[in-house]
Amino acid sequence: MSASYTIGEVAAITHLSVPTIRYYDKEGLIPDLKKDQAGMRCFNERNLGALEMVNCLKTAGMSIKDIRTFMQWNLEGDATLTKRLDFFNQLHDTVENQMKQLEQTLNTIEYKQHYYRQAVADGTEKYVKTGTTHVKATVSEQE
């Protein structure tokens, strides 16, 4: 017999909130999710795998509609293998572009960190704005 998990256990395992998991179920993103006699969701390993895939696709910026389409293709079996490959090829390109944009964003943030570190060290922005280096005068130089 395979392991069965409650929605609370699944939330802890997947780091998704219980309302998010319920929403994904309502949207048809967890194929073959069973319920017990009391109507409580009973998750198995396959359902956990589906949630991991949904979470991955969501993190990549996919819409619920597109995720639903992908999950449906999975249920349709081998007849949709080419569609699924095309789906992931396109997703790969999209994520690569997102990563390039994030790299540019990170470069800007690192520049600003350096800028403000120098401004804090100088006690003013005027030297970093002009691109000049300023060394604070020591007490003996001020006298």
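Scroll up a little and you will see the structure.
This is a predicted model, so every value here is computed, not measured. (Residues numbered from 1 in each chain as written. Predicted model: local features only at pLDDT ≥ 70, side-chain atom pairs only at ≥ 80, totals over all residues. Heavy atoms only, no water.)

Chemist: Even after reading the chapter, I still don't get the packing of aromatic side chains, so can you show me in this structure?
Modeler: The description of an aromatic ring pair uses the distance of the two centres, along with the angle that the planes make with each other. By the definition in use, this model includes seven aromatic pairs. Ring geometry for Phe 70 and Phe 88: centres 5.2 Å apart, planes at 85°, overall edge-to-face. With a gap of 18 residues between them, Phe 70 in helix 4 (residues 64-76) and Phe 88 in helix 5 (residues 81-122) connect regions that are remote in the sequence. Among the residues examined, Phe 88 registers a relative accessible area of 31% and is labelled partly exposed. Ring geometry for Tyr 111 and Tyr 115: centres 6.3 Å apart, planes at 40°, overall tilted. With Tyr 111 and Tyr 115 both in helix 5 and four residues apart, this pair spans about one turn of that helix. One aromatic cluster is present, built from ring pairs that chain together Phe 70, Trp 73, Phe 87 and Phe 88. Across from the ring centre of Tyr 115, 4.8 Å away, lies the NZ or CZ of Lys 112, which sits over that ring. (Phe/Tyr/Trp six-rings, centres within 6.5 Å; stacked < 30°, edge-to-face > 60°. Helix = DSSP H or I, 4+ residues; strand = E, 2+ residues; numbered from the N terminus. Buried < 20%, exposed > 50% of the residue type's maximum accessible area, 1.4 Å probe, protein only. Lys NZ or Arg CZ within 6 Å of the ring centre and 35° of its normal.)

Chemist: For this particular structure, what's the right way to read the nonpolar core?
Modeler: Within soluble globular proteins, side chains that are nonpolar tend to cluster in buried spots. Within the largest apolar cluster, 25 residues are counted, with the highest numbers of intra-cluster contacts made by Ile 21, Tyr 24, Phe 43 and Leu 51. Elements that contribute at least two residues to this core include exactly helix 1 (7-14), helix 2 (18-26), helix 3 (45-59), helix 4 and helix 5. When residues no more than four places from it in sequence are discounted, the contact partners of Phe 43 are Ala 3, Ser 4, Tyr 5, Thr 6, Ile 7, Val 10, Ile 21, Ile 30, Leu 33 and Leu 51. (Core = buried A, V, L, I, M, F, W, Y, C linked by side-chain atoms within 4.5 Å. Contact = heavy atoms within 4.5 Å.)

From the geometry alone we can't say anything about function, so treat these as descriptive.
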